[in-house]
Amino acid sequence: AIKREDGGGGGRWCHITCAMWIPGLRFRDSVLMEGVEGLSQVRKERMRLKCEACQLAKAGACIQCDFRSCTRAYHVTCAQVDGVFMHWSEAEGKGVGEGELVQKLYCPKHEPRDKA
């Protein structure tokens, strides 16, 4: 499913899953998932990454494997279709709010063994 960009952003659209996974994107109304914000602030480098699944670059923003310095990247929807390990977990560390969540994607080479 897709949602329209909030405000006068030229009528651009965004996959709901992309709005949830691409850093910097968010919903104005997170309950109804309406009004995607931050599309113009998505880092240009993300747009140039080549997706490991579809092998396309410059075809939408990608997210990268969270394992140390791994550079493998995927479009969110390609990762979902290919069954790449994507996980939400509670954030840890200094300055993190209670119940704050972070997203993690691991390429097949770095996928956790205990997929908890």
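Residues numbered from 1 in each chain as written. Predicted model: local features only at pLDDT ≥ 70, side-chain atom pairs only at ≥ 80, totals over all residues. Heavy atoms only, no water.

1. Considering the pairing of strand S3 (residues 26-29)
Selection rule: Here the rule is simple: two strands pair whenever DSSP picks up at least two bridges between them. For the purposes of this entry, the term helix denotes a DSSP run of H or I that reaches at least four residues, the term strand denotes a run of E that reaches at least two, and both are numbered from the N terminus.
As defined by bridge partners, S3 adjoins strand S4 (residues 34-37) across three bridges and the pair is classed as antiparallel. Of the residues in S4, the one forming a bridge with Phe27 is Val36. The turn joining S3 and S4, which pair antiparallel and follow one another in sequence, is formed by four residues; a positive phi near 50° is taken by Met33.

2. Remarks on unusual backbone geometry
For the record, the criterion: Residue exposure (1.4 Å probe, protein chains only): buried if accessible area is under 20% of the type maximum, exposed if over 50%, otherwise partly exposed.
Look at Met33: it is not a glycine, yet its phi comes out positive at around 50°. Mapped onto the secondary structure, Met33 falls in the loop between S3 and S4. According to the relative accessible area criterion, Met33 is partly exposed, its value standing at 28%. In the Ramachandran plot, Arg68 falls in the positive-phi region, its phi being about 30° despite a non-glycine side chain. Mapped onto the elements of the fold, Arg68 is located in the loop between strand S5 (62-64) and strand S6 (73-75). Its relative accessible area of 75% is what places Arg68 among the exposed residues.

3. Side note on the packing of aromatic side chains
We count it as follows: Working definition: a ring pair exists when centres of Phe, Tyr or Trp rings (six-membered ring for Trp) sit within 6.5 Å. Plane angles under 30 degrees give stacked, over 60 give edge-to-face, the rest tilted.
According to the stated counting rule, one finds two aromatic pairs in the structure shown. Ring plane angle 70° and centroid distance 5.4 Å describe the contact between Trp21 and Trp88, whose orientation is recorded as edge-to-face. Pair noted here: Trp21 is in helix H1 (residues 16-21) and Trp88 is in strand S7 (residues 85-90), with a separation of 67 residues, a long-range link. Residues Phe85 and Tyr106 carry aromatic rings whose centres are separated by 6.2 Å and whose planes lie at 35° to one another, so their mutual orientation is tilted. With Phe85 in strand S7 and Tyr106 in strand S8 (residues 101-106), this pair connects stretches of sequence that are 21 residues apart. Accessibility classification places Phe85 together with Tyr106 in one group, the buried group.

4. Points about the pattern of salt bridges
What counts here: We count a salt bridge whenever a side-chain nitrogen from Lys or Arg sits within 4 Å of a carboxyl oxygen from Asp or Glu.
Throughout the structure, instances matching the rule amount to five salt bridges. Residue Arg12 is joined to Glu5 by a salt bridge in which the shortest nitrogen-to-oxygen separation is 2.9 Å. Judged by relative accessible area, which is 36%, Arg12 ranks as partly exposed. Residue Glu45 pairs with Arg43 through a salt bridge whose shortest N-O separation is 3.2 Å. Its relative accessible area of 41% is what places Glu45 among the partly exposed residues.

5. Let's talk about the side chain of His75
Inspection of the secondary structure assignment puts His75 in strand S6. Take His75: its relative accessible area is 6%, and that puts it in the buried class.

6. Things to note about the confidence of the model for the protein
Do not read the fine detail of predicted coordinates wherever pLDDT is low. Convention followed: A residue's pLDDT is the predictor's confidence in that residue, given on a scale from 0 to 100.
Taken over all residues, the pLDDT of the protein has a mean of 88, while the share at 70 or more is 90%. Of all helices and strands in the protein, the one with the weakest mean pLDDT is strand S1 (residues 2-4) (85), whereas S6 scores best (97).

7. Topic: the state of the cysteines
How we decide: Any pair of cysteine sulfurs within 2.5 Å is marked as a disulfide.
On inspection of all chains with the given rule, the structure shows zero disulfides. In this structure Cys78 is a free cysteine whose sulfur lies 3.8 Å from that of Cys51, the closest cysteine sulfur available. According to the relative accessible area criterion, Cys78 is buried, its value standing at 18%. No disulfide involves Cys107; its sulfur sits 3.8 Å from the nearest other cysteine sulfur, which is in Cys65.

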